[in-house]
Each structure stands twice: as structure tokens, then as C-alpha cells.
Amino acid sequence: MNKIKKILIANRGEIAIRIMRTCREMDIETVAVYSEADRISLHVRYAHEAYYIGKSPSSESYLNIEKIIEVAKNSGADAIHPGYGFLSENATFARRCKEEGIIFIGPTPEVIVQMGDKIMAREAMTKAGIPVVPGTESSVSGEQEILEAIKKIQLPVMIKASAGGGGKGMRLVHKETEVVSAVRAARSEAMSAFGDDSVYIEKYISSPHHIEFQILADEHGNVIHLFERECSVQRRHQKMIEETPSPLMTKELREKMGNSAVEAAKAVNYTGAGTIEFLVDNNLNYYFLEMNTRLQVEHPITERITGIDLVKAQIKIAEGRKLDFSQNEIISRGHSIECRIYAEDPDNNFMPSAGKIHKISEPLGLGVRTDGYVYEGYEIPIYYDPMISKLIIWGKTREESLQRMRRALYEYKITGVKTSIKYLERIMSNKNFNDGNYDTHFIENNQEDLMKNESCEDCGDMVIIAAFIDYLHKISNVQDNNKEFTPAPSRWKKTRFLNQF
Ligand code: MV4
């Protein structure tokens, strides 16, 4: 066992702070790194120490492997937590840490390579008896080979880049005449994005659910899963809402998929926290899709229903300790939903909304957690992901979670930049979402309902004026000694306007 005393967090924003919070609870010192644009970011102030690592573009800062290693060594950090994004799934970085005697809080470089290559991942899963989407066993190249493969698999199919993930280098093919151009397009997209143009073919699963299982694996061969997360509410491969349990899930399916997730991790000698992504079709058949070898954005909903701090678990595993819980001690309690709050304008094609946070008032109360990093006067940099925060709700039942999420979104006030809050409110009021009746096509299938925009540009001002008039009435009542102070029910608070501000 190798007690970690100081961790460098090779990330920024909400996840950097999220990781440091757990470090503080474990009496571990924290080292922040920051770019030019992040000089005034909160993660810099929260850490015990902070070091400048380069210009604002991430290629010159948060992706600069050698600079980050140098800071880790100079600051005496014994481990690096990569968070998500940036270097979190970079095998070269994990290897460099190892070479320098720094603990990389994540799986081994070998596993990162294996799971990063989708063909290798499919092969490993097939060998382990995990259901994968029917398709080719290796990469395909010649036209003849491709057409023959498709004859076996049957149209429609998906052409996918082996180095891909998250929707890049992927093409859906319905007709034989589209095959050649789709393969060419997928290849060239993959070449420019990943420098690797190998592709494989999968049967197209129509209207699937995206359901993932959280797993934890220690260095002693113990692997457990922490149930599923339903991640089907996505827009252009960007997740917006996640929930657990999945409304689709049955006890039997959960057990089967959970076992598969554990078997998948065991098959590749996985260590650390990871996620097995599955597609689930309408007949509840499930297929391995990808494995994410990092802590994910949506990890807090799993923490909320299990009570397990996933960052703490990652750190303990990295120290070489055994998992201190077994599968039958992992109990799921209640229901949790996460909404991602982005600085973007849902009424203008989700255009990123740059600018300073003017006022921010975050929801509190029973069952409410926000993981964020912005403060009043903070300007959201244009260089990175526009996510402002995550709102994580817990309720005894799905129904209570939804009610509480609507309440919390109502309380969430941010001015200065446009946010996705009102769009999330519309989803929370959508009939299909409330019925748990949704799959990966939810956003497009409910577009009309979700684009209903009943607010107007001036309504914010109207609410402020109405509130001020209310206030004047109140003080004139109080100041008039002859009158009892009887606050009248507020009519403006009942208007729909308020919900939007
Ligand atoms: C698929 C699929 C249907 N059939 N593969 C999209 C992201 C990438 N990780 C895999 N994706 C898909 N792969 C087969 N064989 C449908 C999708 C897909 C999707 C998956 C998860 C969540 C949202 C999605 C939205 C569109 C397409």
C-alpha cells in the first residue's frame, strides 16, 4: 500500500473542484494547474498550491503532458488525477506518469489503449462472452469485403471508426448505393480527427437506449458494479440529462447487465473506476458499445443512490487498497437525476453564450446538490466546454425526483449569460419524459414540445418591476401604524413569466 499525500489535478472547472473536495476530506494536499484564461478560476483558489502551465488553448496547457509532469515533480505530488476529458484517456500520459514514478489515478496504459481501440474492445468483449452489436470482427477495407460483410449483417448498418467514440467518424447506411460514400466519409473524418482511418461495421440498432454501468475494480481482482445510468437524453452526442435507475430497467435485466459489466472489466484486468456503455433495444436486448476508462461527468447520480464517493474509491484503489465493500453491500436507494447546465442559448440553436456571470443564485434544500465552479463576475472562457454546473437531485421515487428537479430549476437563477435552464424545465414538464417513455431519439422526437418558447425578452424586467411594486406595497403597509401588515397573495408570482427567470 502506498499512501497518497498530494495529488495534482490535471483539469479545470467543476470536476477539478469536485476532486479537490474529496482530497480535503482525505487530508490529501491538492495541486492545481491553470492556463492563462483560468488565472481567476475557482479551482486555482481552492487548491493548496497552483501552477501556471501555459496559454489558454488546451493544446498549450491542459494537454501539455511534459509540462504537467514537470509541475507534479516540482510540487512533490505523488499522484495525478486527470478528471474527464483532456488527458484522462490518454495512454501516453498514463505511461509517462508511471515512468516518472507518479501514480496515475486511472487504469493502466495498456487497458486505455485496448479500450480506446473499438475493434480491440469488441474483440475482447466477444471473447469474454459479453453481447456485442452484431458486426465485423476486424477492420474492413476493400469494397468487395465491405459489401460481403454487409450482406451478412443486413442493412441498415453503421460504419464506425475504430479510433472513434462519441459519434465522430460514424455513418448510418440504409441503402447499398450509399455504402461507398459513407465509408469514404467515415474514413476521412476519422483520419483527420484521430490519425487512424480503420473502420468496422455494426448492425444498426434503431431507437436504442443508452444505458451505462459504473464499475469499480481494485488491484486484487475484486470488481463490483454500482448499477446503471440512463443517458439517452442527448443532443448531437452531448448528454443533457442522466438518471438512475433507468425507467426501462427490470430487476432481471439489471442483474444480467450488471454481471456483464463486471465480466467485461475482469476480462481486461481493469483497475479503477470505469463505465461500460450498452445499447439496449426495444426488446430489452443489450449490446456492449464502448468502455470509458475515466470518471464520468454524470458520476454523481451513482454516488447519490449508493452513498459511495467515487473519487475516494478511485484514490484508495490507486493506493493499492482493496475495495472496502462487496457487491451485496452495494444498495441502490431512491432515484437520482442530473441536469447539465450549459452556457448556451436553447432558443438560438444552442449557440454558446459567452460573457460574465452577473448574478447567480443556486438551489439548495433537501436532495439538492450542485457541482459547479462559476461565481459572480466570472467570465466563462471561450476555450473550453461551456458547462457551468451540474444539478443533481435525489428523491425517494422517480416522481419525487422530478418534482424536486422542477423546484430546483425554478430556484436556479443565472444572469449575464444565456443558459440551458429553461430548456431543461421544458424537458422536466414533457409528458413523454415524465412517463419514462424516451430513447436516444427523445430530443428530435419531441422537438415541437421542447422548442415552445413562451417567454419574451422583456419578461425578466417585468418580473423585477412587479416584485418591486410588491415590495413598495409591503413597506407602505408596515410604515402605516394604523394598519396591520397583511401580505396579500402575490399575483405576479403566479404568472408563467417567473418560471423563466
Ligand atoms: C450505434 C447506434 C445504433 N446502432 N450503433 C452514438 C455515439 C457512439 N458512442 C455510438 N452511437 C450510436 N451507435 C449501432 N450499431 C446509435 C448510436 C447513437 C446514440 C448512442 C447513444 C446515445 C445517443 C445516440 C444518438 C444517436 C446515435
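Residues numbered from 1 in each chain as written. Predicted model: local features only at pLDDT ≥ 70, side-chain atom pairs only at ≥ 80, totals over all residues. Heavy atoms only, no water.

We now examine the sheet that holds strand β14 (residues 335-342). As summarised here, the arrangement of the eight strands in space is β13-β12-β9-β10-β11-β14-β21-β19, forming an open sheet in which the pairing is antiparallel. One side of each edge strand has no neighbouring strand; the edge strands of this open sheet are β13 (286-292) and β19 (368-372). Put simply, the sheet's adjacent strands are angled 25° from each other on average, direction ignored. Relative to strand β21 (residues 387-395), β19 is paired through five bridges, and the arrangement is antiparallel. Among the inter-strand pairings, Arg369 is bridged to a residue of β21, identified as Ile392. (Pairing = 2+ DSSP bridges. Helix = DSSP H or I, 4+ residues; strand = E, 2+ residues; numbered from the N terminus. Axes fitted to C-alpha atoms, helices over the stretch in contact; angles between N-to-C directions.)

With that settled, the discussion passes to the site of the ligand. The immediate surroundings of the ligand are formed by 17 residues, with Lys160, Glu202, Lys203, Ile205 and Glu290 found nearest. For the ligand, a nitrogen atom lies 2.7 Å from a polar atom in the backbone of Lys203. A distance of 2.9 Å separates a nitrogen atom of the ligand from a polar atom in the backbone of Ile205. Out of a free accessible area of 520 Å², the ligand has 91% covered by protein chains. Looking at the shell around the ligand, its residues break down into seven nonpolar, six polar and four charged. (Near = heavy atom within 4 Å. Polar contact = N/O pair within 3.5 Å; in protein donor to acceptor, adjacent residues only side chain to side chain. Areas by Shrake-Rupley, 256 points an atom, 1.4 Å probe, with all protein chains shown as cover. Nonpolar A, V, L, I, M, F, W, Y, C, P; charged D, E, K, R; others polar.)

Looking now at the packing of helix α7 (residues 143-153) against helix α8 (residues 179-194). A pair of packed helices is characterised by two quantities: the angle between their axes and the separation of those axes. Following both chains from N to C, one finds α7 and α8 inclined at 110°, their axes separated by 11 Å at the closest point. By the criterion of interaxial angle, the relationship of α7 to α8 is roughly perpendicular. The handedness of the crossing between α7 and α8 is right-handed. Contacts from Glu143, Ile146, Leu147 and Ile150 of α7 reach α8 at Val179, Val180 and Val183. When grouped by side-chain class, the residues that make up the contact of α7 with α8 number six nonpolar, no polar and one charged. (Parallel < 35°, antiparallel > 145°, perpendicular 65-115°, else oblique. Left-handed = near helix turned anticlockwise from the far one by under 90°. Contact = heavy atoms within 4.5 Å.)

A word on helix α6 (residues 118-127). An α-helical turn contains 3.6 residues, so any two residues separated by three or four positions project in the same direction. Listing the buried residues of α6 in full gives Lys118, Ile119, Ala121, Arg122, Ala124 and Met125. Positive phi shows up at Gly129, right after α6, with a value of about 80°. (Buried < 20%, exposed > 50% of the residue type's maximum accessible area, 1.4 Å probe, protein only.)

Of note, the amide linkage connecting Leu155 to Pro156 takes the cis form, showing an omega dihedral of -5°. Within the secondary structure, Pro156 is located in the loop between α7 and β6 (157-165). A cis amide bond links Thr244 to the next residue, Pro245, at an omega of 0°. Tracing the backbone shows Pro245 in the loop between β11 (238-244) and α9 (251-267). Although it is not a glycine, Asp27 sits at a positive phi angle of roughly 55°. Considering the arrangement of structural elements, one finds Asp27 in the loop between α1 (13-25) and β2 (29-35). Backbone geometry places Ser207, a non-glycine residue, at a positive phi of 50°.

Another point: a nonpolar patch on the surface. A contiguous nonpolar patch, built from Phe468, Tyr471 and Leu472 and spanning about 310 Å² of accessible area, is present on the exposed surface. Here Phe468 is to be found in helix α17 (residues 459-479). For Phe468, a relative accessible area of 47% translates into the label partly exposed. (Patch = residues over 30% accessible without salt bridge, like charges linked within 9 Å, V, L, I, M, F, W, Y side chains within 5 Å. Salt bridge = Lys/Arg side-chain N within 4 Å of Asp/Glu carboxyl O.)

Next up on the list: the confidence of the model for the protein. Looking at the protein, the pLDDT average stands at 94 and 94% of residues meet or exceed 70. Ranking the helices and strands of the protein by mean pLDDT puts strand β4 (residues 79-81) first, with 99, and α17 last, with 76. (pLDDT = per-residue confidence, 0-100.)

Another point: the side chain of Glu338. For Glu338, the position within the fold is in strand β14. Look at Glu338 and you get buried, because its relative accessible area is 0%. Once you skip the residues sitting within four places of it in the chain, Glu338 turns out to touch Met240, Ile241, Glu242, Val297, Glu298, Pro300, Ile301, Lys390, Leu391, Ile392 and Met405.

Attention now goes to the state of the cysteines. Inspection of the entire model under this criterion finds zero disulfides. You can see Cys97 has no disulfide; the closest cysteine sulfur is in Cys23, sitting 15 Å from it. (Disulfide = S-S within 2.5 Å.)

Running from amino to carboxyl end, helix α12 (residues 398-411) crosses helix α13 (residues 421-429) at an angle of 155°, the nearest separation of the two axes being 10 Å. It follows that α12 is roughly antiparallel to α13 by the angle criterion. Of the two possible hands of crossing, α12 and α13 adopt the one that is left-handed. Of the residues in α13, those touching α12 at Leu402, Met405, Arg406, Leu409 and Tyr410 are Ile421, Leu424, Glu425, Met428 and Ser429. When grouped by side-chain class, the residues that make up the contact of α12 with α13 number seven nonpolar, one polar and two charged.

Right, let's talk about the sheet that holds β6 for a bit. Sheet architecture is open: three strands sit in the order β7-β6-β8, paired in antiparallel fashion. Taken across any chain shown, the strands that pair with only one partner, and hence form the sheet edges, are β7 (168-173) and β8 (199-203). Taken over all neighbouring pairs, the strand axes of this sheet differ in orientation by 25° on average, direction set aside. Where β6 meets β8, five bridges bridge the pair, whose relative direction is antiparallel. Bridge pairing in β8 places Lys160 opposite Tyr200. Where α8 meets the sheet, it contacts β6, β7 and β8, and its direction lies at approximately 170° from that of β7.

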